[in-house]
Amino acid sequence: MLDATLSAPPAALPARDADGKLDLGALFTESEVPEFLADLEADLIGLKPVKRRIREIAAHLVIGRAREQLGLTAGAPTLHMTFTGNPGTGKTTVALKMAQILHRLGYVRRGHLVSVTRDDLVGQYIGHTAPKTKEILKKAMGGVLFIDEAYYLYRPENERDYGQEAIEILLQVMENQRDDLVVILAGYKDRMDRFFESNPGFRSRIAHHIDFPDYEDEELVAIARSMADAADYRFSPEAERALVEYVTARRGQPNFANARSIRNAFDRMRLRQSLRLFDTAGLIDREALETITEGDVRASRVFSGGIDAPRSAASV
Amino acid sequence: MRITQGAFSFLPDLTDAQIKAQVQYCLEQGWAVSVEYTDDPHPRNNYWEMWGPPMFDLKDAAGVFSEIAACRNTFPNHYVRVNAFDSSRGWETVRLSFIVQRPAKEDGFRLDRTEWEGRTQRYALRHRAQFEAR
C-alpha cells in the first residue's frame, strides 16, 4: 500500500483545497522525492529491502510535513541509522544518497556527507579524543556523519581505550542536537550486533536499522554493465557470457566483496584490453576501443583456480 | 558605557538566530570562523583570548554556535566576539568581526593620569573591570 501512496500524481495541485484538506500528492511532488526515488531506482541495482526502507523513511518525512501543516505535532523524527551488510554492498553509496534525500526533505540543512572511521574520532593520548570528536561533529553539523566500521570505536579488550570517550560524546550530540545532524553507523552485521550489545545506549538512539543483502549474480552482471556504460565501454556478447561465469566463480573464492570485486575486475579488464590493443598495434576504430572481449574477461585468474593460485602466463 | 567595536556594535545586540545567520554567511564565503573572549575590551587590545582554534571546513553555523554557547557558559561576564578570517590571496585578513556577548553591566573605562618627567602628564585608558577583578 505504500507503493500506492508513493506513486506520484499526474500534476502538482495546490497543496490545500477549500475544506482545508491537504493534497498529499502535491506535497509529495513538491518535495522532489519522486525524482529522487526514480534516481535511486535507476542508479542502484538490486538492494530491494534498502530501497523499501528508504521509501518508508521518505514517506514518513512527507507525512510529517503534512501533519505539521495541519498543526498536528510532528516532532522531528529520530533519523540516526545503521547500515549493516557485507563489503561492497553499497553502504557508502546509499549514505551519500541519504544525505541528499534528507536535504531535499529539509531535515538536514546542508546535505553534505562527512565520512569518518575510528582514526578520525579517537585520539592518541589523554585529552586528545574529545576535541578531535567534537571537531568532526562540528564539520558534520547540518549534514550526515557516516561512521564506517563503527564497531572499532569500542575495544572491550582494552579498558583504557579512548574509544569509549568518543562514544559518549557522540551519544550526547545524537540525543541533544538531533536537528543539526544525522549519524549513520555502518559495518558488518555480526560485529555491529556485538557492538550494540555492549553499547545499549546506541541501539536505543537509532531508529532505523537497514540491512544490505548480498547481490544476486545477475545483479552483479548488471552492475558491471552499468560501470562499463558509465566509463564508455561495452562488453561483447561473448564477454558478457564469460562475465556471468566470472561472477559465479568469483563468489566462491576468498575475499569476495560484491560490487567492489566487480569494480576491481572491471578495472583489470580495462587494463587487459588496453594491453591487447597496444600489442596488436595497427589500425583501430572506435568499436575496438570501447569493446571488452571475451579474452579480456577470461584471462582473469578467477578462471584458473582463484586469486590465490600461482599466476599463469595468461593472466597479466 | 557600551563598547562599540567590530561590526553591528551600534545596533541592538544580535539575537541567536541573527548570529547564526551571520556565521552561516561567513561559512558560505569560505572564511574560517573563530571565537574569542576577553575581560579587557580596550580598543588597543587587539588580541583577545582564543576560544579554541579557528574552525575550518565547517558547512553549517550550528557547529560554530555550539562553541559560542560553550564560551558564553564558561565566561558569562566577559566580552565574546566572532571573527571570520579570509585566507584567499589578496585578502588574508579578518573580513568580519562582531561582538556576540557583553557583560550585563558594562563598566566602561577609567582615565589614569601619571606625573612624568618635567611637568608632563601621561594619560591611560583602563577598563574598569580590570581593577575590580584584581
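Owing to the predicted nature of the structure, the values given are computational and were not obtained by experimental measurement. (Residues numbered from 1 in each chain as written. Chains lettered and ligands numbered in written order. Predicted model: local features only at pLDDT ≥ 70, side-chain atom pairs only at ≥ 80, totals over all residues. Heavy atoms only, no water.)

**So, the interface of chain A and chain B**
Then, number 1: Counting residues at the interface gives 9 residues for chain A and 12 residues for chain B.
Then, number 2: Looking only at chain A, the three residues that lose the most surface to chain B are Arg110, Lys138 and Lys139 of chain A, adding up to 62% of its buried area.
Then, number 3: Taking the shortest distance from any N to any O, the salt bridge between Asp60 of chain B and Arg109 of chain A comes out at 2.4 Å.
Then, number 4: On inspection of chain A and its partner chain B, the count reaches 4 residue pairs in polar contact (both at pLDDT 80 or more). (Contact = heavy atoms within 4.5 Å. Buried area = accessible area lost by both parts, 1.4 Å probe. Salt bridge = Lys/Arg side-chain N within 4 Å of Asp/Glu carboxyl O. Polar contact = N/O pair within 3.5 Å; in protein donor to acceptor, adjacent residues only side chain to side chain.)

**Some details on the packing of aromatic side chains**
Then, number 1: The tally for this structure, following the rule as stated, stands at 13 aromatic pairs over all chains.
Then, number 2: For the ring pair Tyr151 of chain A and Tyr152 of chain A, a centre distance of 5.2 Å and an interplane angle of 65° mean the geometry is edge-to-face.
Then, number 3: Judged by its relative accessible area of 5%, Tyr151 of chain A falls in the buried class.
Then, number 4: What makes Tyr152 of chain A partly exposed here is its relative accessible area of 29%.
Then, number 5: An aromatic cluster of at least three residues, connected via ring pairs, comprises Tyr151, Tyr152 and Tyr188 of chain A.
Then, number 6: The aromatic ring of Phe303 of chain A is capped on one face by Arg298 of chain A, whose charged end is 5.3 Å from the ring centroid.
Then, number 7: A cation over a ring is seen here: Arg81 of chain B above Trp48 of chain B, with NZ or CZ 4.2 Å from the ring centre. (Phe/Tyr/Trp six-rings, centres within 6.5 Å; stacked < 30°, edge-to-face > 60°. Buried < 20%, exposed > 50% of the residue type's maximum accessible area, 1.4 Å probe, protein only. Lys NZ or Arg CZ within 6 Å of the ring centre and 35° of its normal.)

**Description of the sheet that holds strand E1 (residues 81–85) of chain A**
Residues and elements named next belong to chain A.
Then, number 1: Strand order in the open sheet formed by 5 strands is E2-E3-E4-E1-E5, and the pairing between neighbours is parallel. Strands at the two margins of the open sheet, each flanked by one partner only, are strand E2 (113–116) and strand E5 (208–212). Neighbour to neighbour, the strand axes of the sheet diverge by 20° on average, direction disregarded.
Then, number 2: Taken together, the 5 bridges between strand E3 (residues 144–148) and strand E4 (residues 182–187) define a ladder with parallel strand orientation. Counterpart to Phe146 in the pairing with E4 is Ile184.
Then, number 3: Across the sheet, helix H5 (residues 91–104) touches E1, E2, E3, E4 and E5, and the angle it forms with E1 is around 155°.
Then, number 4: The strands touched by helix H9 (residues 189–198) are E1, E4 and E5; relative to E4, the strand with the most contacts, the crossing angle is about 125°. (Pairing = 2+ DSSP bridges. Helix = DSSP H or I, 4+ residues; strand = E, 2+ residues; numbered from the N terminus. Axes fitted to C-alpha atoms, helices over the stretch in contact; angles between N-to-C directions.)

**Side note on helix H13 (residues 258–280) of chain A**
Residue and element names in this part refer to chain A.
Then, number 1: In this model, H13 (23 residues) spans 33 Å end to end at C-alpha, consistent with the 33 Å of a helix rising 1.5 Å per residue.
Then, number 2: Asn258, Ala259, Ser261, Ile262, Ala265, Phe266, Met269, Arg272, Gln273 and Leu277 are the residues of H13 that are buried.
Then, number 3: In this fold, the buried residues of H13 make contact with helix H11 (217–230), strand E6 (234–235), helix H12 (237–251), helix H14 (286–290), strand E7 (291–292) and helix H15 (294–298).
Then, number 4: Two residues or fewer after H13 comes Ala281, characterised by a positive phi angle close to 50°. (Expected span 1.5 Å × (residues − 1).)

**Description of the environment of Glu175 of chain A**
Residue and element names in this part refer to chain A.
Then, number 1: One can find Glu175 in helix H8 (residues 163–176).
Then, number 2: Here Glu175 falls in the partly exposed class, since its relative accessible area comes to 34%.
Then, number 3: Linking Glu175 and Tyr188, residues 13 residues apart in sequence, is a C-alpha distance of 24 Å.

**Some points on the pattern of salt bridges**
Then, number 1: All chains considered together, the criterion is met by 29 salt bridges over all chains.
Then, number 2: A salt bridge links Glu175 of chain A to Arg205 of chain A; the nearest nitrogen and oxygen atoms lie 3.0 Å apart. Of this pair, Glu175 of chain A sits in helix H8 while Arg205 of chain A is found in helix H10 (residues 200–205), placing the two residues 30 residues apart along the sequence.
Then, number 3: Between Arg95 of chain B and Asp86 of chain B there is a salt bridge; the shortest N-O distance is 2.5 Å.
Then, number 4: Linked by salt bridges that have partners in common, Arg109, Arg110 and Asp180 of chain A together with Asp60 of chain B make up one network.

**Description of helix H3 (residues 33–43) of chain A**
Then, number 1: Restricting attention to buried positions, one finds in H3 of chain A the residues Val33, Pro34, Phe36, Leu37 and Leu40 of chain A. Around the axis of H3 of chain A, the buried residues are gathered within 160° of arc, so they sit on the same side. (Arc of directions from axis to C-beta.)

**A look at the domain arrangement of chain B**
All names here are of chain B.
Then, number 1: In terms of domain boundaries, chain B breaks down into domain 1 (1–103) and domain 2 (107–134).
Then, number 2: On a C-alpha basis, the centroid separation for the pair domain 1 and domain 2 is 28 Å.
Then, number 3: If you look at the interface, domain 1 gives 8 residues, while domain 2 gives 7 residues.
Then, number 4: Buried surface at the junction of domain 1 and domain 2, both sides included, amounts to about 620 Å², of which 59% is carbon and sulfur. (Domains from an automatic or database assignment.)

**Digging into unusual backbone geometry**
Then, number 1: The backbone of Asn255 of chain A sits at a positive phi, close to 60°, despite the residue not being glycine.
Then, number 2: Locating Asn255 of chain A in the fold gives a position in the loop between H12 and H13.
Then, number 3: Its identity is not glycine, yet Asp57 of chain B carries a phi of approximately 60°, on the positive side.
Then, number 4: Inspection of the secondary structure puts Asp57 of chain B in the loop between strand E2 (49–50) and helix H2 (61–74).

**Re the pairing of E1 of chain A**
Residue and element names in this part refer to chain A.
Then, number 1: Taking burial as the measure, the 5 residues of E1 include 5 buried ones, the bulk of the element.
Then, number 2: Burial along E1 is two-sided: Met81, Phe83 and Gly85 and Thr82 and Thr84, pointing in opposite directions, are all buried.
Then, number 3: Here E1 runs beside E4; their pairing, made up of 4 bridges, is parallel. Within E4, the position partnered with Thr82 by the bridge is Leu185.

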